[in-house]
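Observations on chain architecture
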Amino acid sequence: MAVTKDDVFNKVRTALVDALGVDEEEVTPQATMVGDLGAESIDFLDIVFKLEKAFGIEIPRKELSPEDILTNADYVQDGKVTAAGLAELKRRMSFVDFSKFESDPQVRNFSNLLTVGDLCRYVESKVGA
Amino acid sequence: MRWFWIDRFEQFVRGTRAVTIKAVAMAEEQFDDYSPGYPVMPTSLVIEGMAQTAGLLIGEMSGFEHRVVLAKIGKAVFHFPAVPGDMLRYTATILDVKTDGAMATITSHIGDRLHGEVEMMFAFLDDRFPPGPLFEPVDFVAMVRAFGMYDVGVTPDGKPIELPAFYVQAQRDAEGSYSPTPSPVVAGGN
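Residues numbered from 1 in each chain as written. Chains lettered and ligands numbered in written order. Predicted model: local features only at pLDDT ≥ 70, side-chain atom pairs only at ≥ 80, totals over all residues. Heavy atoms only, no water.

Moving on to helix α3 (residues 137–146) of chain B. All names here are of chain B. Where α3 is concerned, the buried positions are Pro137, Phe140, Val141, Met143 and Val144. The arc that holds the buried residues of α3, viewed along the axis, is 165°, so those residues lie on one side. Along α3, exposed side chains directed more than 90 degrees from the buried face belong to Asp139 and Ala146. Buried residues along α3 sit in contact with α2 (43–61), α4 (149–152) and α5 (165–176). Taken from the residues just after α3, Gly148 is the one with a positive phi, measuring 75°. (Buried < 20%, exposed > 50% of the residue type's maximum accessible area, 1.4 Å probe, protein only. Helix = DSSP H or I, 4+ residues; strand = E, 2+ residues; numbered from the N terminus. Arc of directions from axis to C-beta. Contact = heavy atoms within 4.5 Å.)

Structural data, given as structure tokens:
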């Protein structure tokens, strides 16, 4: 049976409730992982473990954590992601809504960009939901 | 006081499973201040012993190239207190290993009774952290030998595991620099 978008959201929510100790009600598509749900860097590794197990998928580190782009001098100048950097981020992370980030593309703003909805879209692309 | 919260490895299967024991003794310092008059083994120290068991199991997979640290405890359930005189048996099982870290589940038994169940996540320190090993190589060799890890450790197909060459060499270098004869004392001089 095909995996639906609801299936994906429910399993992502379970993974986030387990990994972050948040209530189910807090896990909405608009909630940001860091700002709203309080995820710390180490939690992302935990979340990756849980999503891989829940969906039987493999999540390469670079697909959710583009640190190599954000620390590359070709893509970052004066603490801001360049146009080329933004293009590279969008190419790699097509599941993320960059519209807000584009208005002030400071590297430090990137950490609070990812939302639950983005994470669901990423998993959907992996499982064909 | 040495920060060893396991006494000995009973089983060790590379990348799979390890069993250690911890004998709880009334002489241990934690009983001085923790719950005076009612000596119970703090579960935090049980968790430390479990982490040492699973951490060594995970680190050994890479010949201790990965610097393994306990990153997160996902679940910890204890069913009754452990007290002096108890022999705790920790069984660590690796659930998953990735390039950034590993997940393990560890149980604690006293005799046949399930005492504790813990899920742990370990992270591998990367180049964002200062380079170098977490332990002095000679101290590390002394520790794993004292635990008997290489006495019982085997690969999944039953062959004995061996100490990585780097650590063997470190121990040889240390032995080579050790001189049992005291250096002569030179008196006087300018």
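A few words now on the interface of chain A and chain B. Each partner contributes residues to the interface: chain A has 12 residues there, and chain B has 14 residues. Surface buried jointly by chain A and chain B totals about 1,100 Å² across both partners, of which 58% is contributed by carbon and sulfur atoms. Taken as a group, Leu45, Phe49 and Arg61 of chain A account for 54% of the area that chain A buries against chain B, more than any other trio of residues on that side. Our count for the chain A to chain B interface comes out at 5 salt bridges. Residues Lys72 of chain B and Asp46 of chain A are paired through a salt bridge, measuring 2.8 Å at the closest nitrogen-oxygen approach. Where chain A packs against chain B, one counts 7 residue pairs in polar contact (both at pLDDT 80 or more). When grouped by side-chain class, the residues that make up the side of chain A that touches chain B number 6 nonpolar, no polar and 6 charged. (Buried area = accessible area lost by both parts, 1.4 Å probe. Salt bridge = Lys/Arg side-chain N within 4 Å of Asp/Glu carboxyl O. Polar contact = N/O pair within 3.5 Å; in protein donor to acceptor, adjacent residues only side chain to side chain. Nonpolar A, V, L, I, M, F, W, Y, C, P; charged D, E, K, R; others polar.)

Once that is clear, we can look at the confidence of the model for chain A. Here chain A averages 91 in pLDDT, while 99% of its residues score no lower than 70. Ranking the elements of chain A by mean pLDDT puts helix α3 (residues 61–64) of chain A last, at 84, and helix α1 (residues 5–20) of chain A first, at 96. (pLDDT = per-residue confidence, 0-100.)

Here Lys72 of chain B shows up in strand β3 (residues 68–78). Side-chain polar atoms of Lys72 of chain B contact the side chain of Asp46 of chain A, separated by 2.8 Å.

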